[in-house]
Amino acid sequence: MSMSGIVPTVVLDIALGIMAISVLMCLYRIIKGPSAADRAVASDALGTCVMAAISIYSLKLNTLDYLNAVLVIAILGFLALIVVAKFIGGGGDVIDRDNS
């Protein structure tokens with residue numbers, strides 16, 4: 001299946017530029033976020049922006065080779081968000097150990 005000609009190259013370049021701006025905004029929120037929850041949400045959004053940028057780049061190169069990286073980033077981002085949410089909401093213990 002050929003994807004050439006479906007989306008013009010100019011549109012993909014504009015989309016990659018928008019994704020670059022989004023990544024910078026997420027990095028700013030990670031650095032300046034007033035709370036750990038803000039930083040967690042920004043890091044999840046950063047992962048989403050990176051996945052979208054890789055997908056757009058894959059479409060621009062007319063290949064499906066990079067989509068495996070998108071899947072790995074999605075899985076790792078989900079697991080990281082679960083760990084951070086457990087850390088924030090659970091009082092600091094990421095792993096519950098019953099020492100009784």
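Structure's up top.
This structure is a prediction, so every number in the text was calculated from the model and none was measured.

What counts and what doesn't
Residues numbered from 1 in each chain as written. Predicted model: local features only at pLDDT ≥ 70, side-chain atom pairs only at ≥ 80, totals over all residues. Heavy atoms only, no water. Helix = DSSP H or I, 4+ residues; strand = E, 2+ residues; numbered from the N terminus. Buried < 20%, exposed > 50% of the residue type's maximum accessible area, 1.4 Å probe, protein only. Core = buried A, V, L, I, M, F, W, Y, C linked by side-chain atoms within 4.5 Å. Contact = heavy atoms within 4.5 Å. Salt bridge = Lys/Arg side-chain N within 4 Å of Asp/Glu carboxyl O.

A. A look at the overall build of the protein chain. Helix and strand counts for the protein chain come out as three helices and zero strands. For the protein chain, the succession of helices and strands along the chain, N to C, is α-α-α. Looking at the protein chain as a whole, 15% of its 100 residues qualify as buried.

B. Structural view of the nonpolar core. Core analysis: the largest hydrophobic core is formed by six residues, namely Leu12, Met19, Cys26, Leu46, Cys49 and Ile56. At the level of elements, helix H1 (9-32) and helix H2 (36-61) are the ones that each hand at least two residues to this core. Excluding residues within four positions of it along the chain, Ile56 makes contact with Leu12, Ala15, Leu16 and Met19.

C. Fine view of the pattern of salt bridges. Across all of its chains, the model carries one salt bridge by this definition. Its salt-bridge partner being Asp13, residue Lys60 comes within 2.4 Å of it at the nearest N-O pair. Placement of the pair is Lys60 in helix H2 and Asp13 in helix H1, with a sequence separation of 47 residues. You can call Lys60 partly exposed: its relative accessible area is 35%.

Geometric descriptors of this kind do not, in isolation, establish any biological role.
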